[in-house]
Amino acid sequence: MVAFAGWSLPVQYRDSHTDSHLHTRQHCSLFDVSHMLQTKILGSDRVKLMESLVVGDIAELRPNQGTLSLFTNEAGGILDDLIVTNTSEGHLYVVSNAGCWEKDLALMQDKVRELQNQGRDVGLEVLDNALLALQGPTAAQVLQAGVADDLRKLPFMTSAVMEVFGVSGCRVTRCGYTGEDGVEISVPVAGAVHLATAILKNPEVKLAGLAARDSLRLEAGLCLYGNDIDEHTTPVEGSLSWTLGKRRRAAMDFPGAKVIVPQLKGRVQRRRVGLMCEGAPMRAHSPILNMEGTKIGTVTSGCPSPSLKKNVAMGYVPCEYSRPGTMLLVELPSGPCF
């Protein structure tokens, strides 16, 4: 167990990190991610509130459709990444990072007060639900046994409220942080242990901790806030331009738009790239060098890849070195890695 953002979280359970990682890729694993901040944005001006804080097109979301988006500041930096779902129950359901809990909550609450003072109809409620992520190629098959809804009708980034293994009022969202098919289940606290126990009765499912979660997301090229993106990284530098809604780009009406939108049309100084190498694993903060040995960037996340049997990492390099297939060096304590 390790301390994280005021919570005590499991790094791993009985199985080794590698076994847990590969089990998720081949079967499915259950992750307890109840530390995440879950909020409801209420009122007829809820979309206006969210679009004043994020880069995404929230107004275009269909009922029960969600999207990954980014809170940004006026300098174009990323304050956090989050998932926003337009529920059919008349509110926005928002999931953001536990490490940014206080910052995100203050940001949203301040905007609620600002809009309320303008006479707008908007409110915020923090959800005291647990959050369980069932991830892997057999996740839907496992969950289908416990729900009446046909999960084939729940495509990626859509959500529905349903009874799951006898626990009513669960919001099931087809999403995850592993690169696999799967769901995240927001479950009332009183039913969380019952639900987890019911899911784990299926021999397909094993518990997985933070170590597997980190290597799975890194293999999939997914960012960890605070490592791979932060307040000094723009969405374009972070290779996250796809999160910028087309209408929002044209209107330039989100925080930092004056910095971010010109970057879409011009060149940025640096970009987030994926790296692979043989030999010793690359780790965060390792210097990235060009083939002449000059430092050009830094690794932000890195680990051995259990699936690929190679070392994977991501980091930032100048644009001219960002083309796939470019050969670079990473400086390690044991010597350079190609």
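Residues numbered from 1 in each chain as written. Predicted model: local features only at pLDDT ≥ 70, side-chain atom pairs only at ≥ 80, totals over all residues. Heavy atoms only, no water.

Participant: Got a minute to help me understand the pairing of strand β4 (residues 37-42) in this structure?
Facilitator: Where a strand is regular, its side chains alternate between the two sheet faces. Pairing of β4 with strand β7 (residues 92-96), which is carried by five bridges, proceeds in the antiparallel orientation. If you follow Gln-38 over to β7, its bridge partner there is Val-95. Where β4 and strand β8 (residues 123-126) come together, four bridges link them in antiparallel fashion. Bridging from a neighbouring strand, Ile-41 pairs with Leu-124 of β8. (Pairing = 2+ DSSP bridges. Helix = DSSP H or I, 4+ residues; strand = E, 2+ residues; numbered from the N terminus.)

Participant: Got a minute to help me understand the pairing of strand β17 (residues 310-318) in this structure?
Facilitator: Within β17, eight of the nine residues are buried, which leaves the element mostly enclosed by the surrounding structure. Pairing analysis gives eight bridges linking strand β14 (residues 270-277) to β17, with the strands arranged antiparallel. Paired with Val-273 across the bridge in β17 is Gly-315. The pairing of strand β16 (residues 295-305) with β17 spans seven bridges and is classified as antiparallel. Directly across from Thr-298, in β17, lies its bridge partner Tyr-316. In this antiparallel pair of consecutive strands, β16 and β17, the connection spans four residues, and Lys-309 shows a positive phi of 55 degrees. (Buried < 20%, exposed > 50% of the residue type's maximum accessible area, 1.4 Å probe, protein only.)

Participant: Explain the UniProt feature "domain: Aminomethyltransferase C-terminal" (unreviewed entry) in the protein to me, please; I cannot follow it from the model alone.
Facilitator: Under the present numbering, the feature "domain: Aminomethyltransferase C-terminal" (unreviewed entry) in UniProt falls on residues 270-333. Structurally, residues 270-333 comprises 0% helix and 55% strand, and the distance from its first C-alpha atom to its last is 25 Å. (UniProt positions renumbered as here; feature names shortened; annotations may be inferred.)

Participant: Please explain the sheet that holds strand β3 (residues 28-32) as it appears in this structure.
Facilitator: Across a sheet, paired strands are connected by hydrogen bonds in the backbone, their directions being either parallel or antiparallel. In spatial order, the strands read β10-β11-β12-β9-β3-β13; together these six strands make up an open sheet with mixed pairing. In this open sheet, the two strands that pair with only one neighbour each are β10 (159-164) and β13 (205-207). Within this sheet the neighbouring strands show an average axis-to-axis angle of 30 degrees, counted without direction. Strand direction decides the pairing type here: β10 and strand β11 (residues 167-173), joined by five bridges, are antiparallel. (Axes fitted to C-alpha atoms, helices over the stretch in contact; angles between N-to-C directions.)

Participant: Would you take a moment to explain the nonpolar core for this structure?
Facilitator: Most often, soluble globular proteins keep nonpolar side chains buried together rather than apart. Counting 25 residues, the largest nonpolar core has Leu-134, Leu-143, Ile-185, Val-187 and Leu-195 as the members making the most contacts within it. At the level of elements, β3, β9 (130-135), α4 (139-144), β10, β11, β12 (182-187) and α5 (189-200) are the ones that each hand at least two residues to this core. Looking at which element gives the most residues to this core, the answer is α5, with four residues. Residues contacting Ile-185, with those up to four places away along its chain left out, are Ala-130, Leu-131, Leu-132, Leu-143, Cys-170, Arg-171, Val-172, Leu-195 and Ile-199. (Core = buried A, V, L, I, M, F, W, Y, C linked by side-chain atoms within 4.5 Å. Contact = heavy atoms within 4.5 Å.)

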